[in-house]
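# Structure at a glance
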Amino acid sequence: MFELKYQTPIEWAHIAVEDFDAFLQDHAAAEKKASGMAISMLSHYPDRKSLVRAMADLAIEELIHFKQVLKLITARGGMLGQDSKDAYIHEIRSLFRRGTDVFFLDRLLVAGVIEARGHERFSLIAQVLPEGKDKDLYVSIAKSEEKHKNLFVELALEYFDEKVVMDRLEEVLDFEAKVCEKLPFRAALH
């Protein structure tokens with residue numbers, strides 16, 4: 001439905017996999033936060049029936065991904081760590097505008113772009129992991145993230161005029177690309 005404007009180089013995935021334990025901690029935190037975001041959305045917009053159904057399903061799916069990553073962490077002898085602030089998320093959320101409708105639209109489109117970035121980066125992780133269960137998990141998670149990216153834009157199109165959605169999506173994509181270009185590569189999703 002849309003393409004990111006910044007393409008993450010494969011070297012990012014090599015850096016992430018070099019300290020896979022740190023990457024898994026960050027990934028687990030991201031899945032927890034994504035599930036929480038979905039719950040927040042359905043709580044704030046209970047009158048939007050399509051959104052409520054979609055966010056209920058999304059919250060469960062993201063929590064399942066969290067559980068899968070947690071299982072990987074514990075299988076590697078680790079334990080769940082403290083969440084840390086994500087500079088990428090903090091910066092991209094600065095796009096949120098004031099006003100009920102524009103804020104809602106921005107939440108949907110920013111969430112879609114974040115899911116698109118997750119799809120791209122989980123796909124890269126899957127490319128560099130050796131054959132086996134870990135690689136299979138990341139292939140599966142990447143496919144889910146791709147569906148999620150489209151879900152948020154589809155919801156936006158249900159509630160807003162197509163031109164308004166597409167114009168704002170372009171702005172979000174431009175901003176997100178600039179954010180990604182300046183962030184250092186590390187063993188984290190963003």
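Presented here is a report on the structure given in the accompanying data block. Just so we're clear, the structure is a prediction, and the values are computed from it rather than from any experiment. (Residues numbered from 1 in each chain as written. Predicted model: local features only at pLDDT ≥ 70, side-chain atom pairs only at ≥ 80, totals over all residues. Heavy atoms only, no water.)

### Focus on the nonpolar core
This is how the line gets drawn: Definition of nonpolar core: a set of buried residues of the types Ala, Val, Leu, Ile, Met, Phe, Trp, Tyr and Cys, connected through side-chain atoms within 4.5 Å. To sort residues, take the accessible area from a 1.4 Å probe on protein chains only and compare it with the maximum for the residue type: under 20% means buried, over 50% means exposed, and anything in between is partly exposed. Helix numbering and strand numbering both begin at the N terminus, where a helix is a DSSP run of H or I of at least 4 residues and a strand a DSSP run of E of at least 2. Note on contacts: a residue pair is in contact if any heavy atoms of the two residues lie within 4.5 Å.
Counting residues in hydrophobic clusters, the biggest one holds 38 residues, and the most contacted among them are Leu 51, Met 55, Leu 108, Leu 109 and Val 113. Looking at this core, the elements that each hand over two or more residues are helix 2 (20-44), helix 3 (49-75), helix 4 (87-93), helix 5 (100-128), helix 6 (133-159) and helix 7 (162-182). In contact with Leu 108, not counting residues within four places along its chain, are Met 41, Leu 51, Phe 152, Leu 155, Ala 156 and Phe 160. Judged by nonpolar contacts, the second largest core, of 22 residues, contains Ala 16, Phe 23, Ala 28 and Ala 187.

### Considering the pattern of salt bridges
Our working definition: The salt bridge definition used is simple: a Lys or Arg side-chain nitrogen within 4 Å of an Asp or Glu carboxyl oxygen.
Applying the stated criterion across every chain, the model contains 12 salt bridges. Among the ionic pairs, Arg 117 bridges to Glu 120, the shortest N-O distance being 2.7 Å. Placement of both Arg 117 and Glu 120 in helix 5 is noted, with a separation of three residues, approximately one turn of the helix. With a relative accessible area of 0%, Arg 117 lands in the buried category. The closest approach of N and O atoms between Glu 120 and Arg 121, which form a salt bridge, is 3.9 Å. Judged by relative accessible area, Arg 121 falls into the buried class, the value being 4%. Here the salt bridges do not stand alone but share partners, grouping Arg 97, Asp 106, Arg 168 and Glu 171 into one network.

### Side note on helix 3
Rule in force here: Expected helix span is computed as 1.5 Å times (number of residues minus one).
Here helix 3 contains 27 residues, and its C-alpha end-to-end distance of 39 Å stays within 8% of the 39 Å for a straight helix at 1.5 Å per residue. Taken as a whole, helix 3 has its buried residues at Ser 50, Leu 51, Ala 54, Met 55, Leu 58, Ala 59, Glu 62, His 65, Phe 66, Val 69, Leu 72 and Ile 73. Where helix 3 ends, the next residue or the one after it, Gly 77, has phi of about 85°, a positive value.

### Some words on the environment of Ser 50
What counts is decided by this rule: Whenever two N or O atoms come within 3.5 Å, that pair is a polar contact, provided that in protein one can donate a hydrogen and the other can accept it, and provided that, for residues adjacent in sequence, both atoms are side-chain atoms.
Tracing the chain through its elements places Ser 50 in helix 3. Sequence separation between Ser 50 and Leu 155 is 105 residues; the distance between their C-alpha atoms is 7.6 Å. Polar side-chain contacts of Ser 50 include one of 2.8 Å to the side chain of Glu 158.

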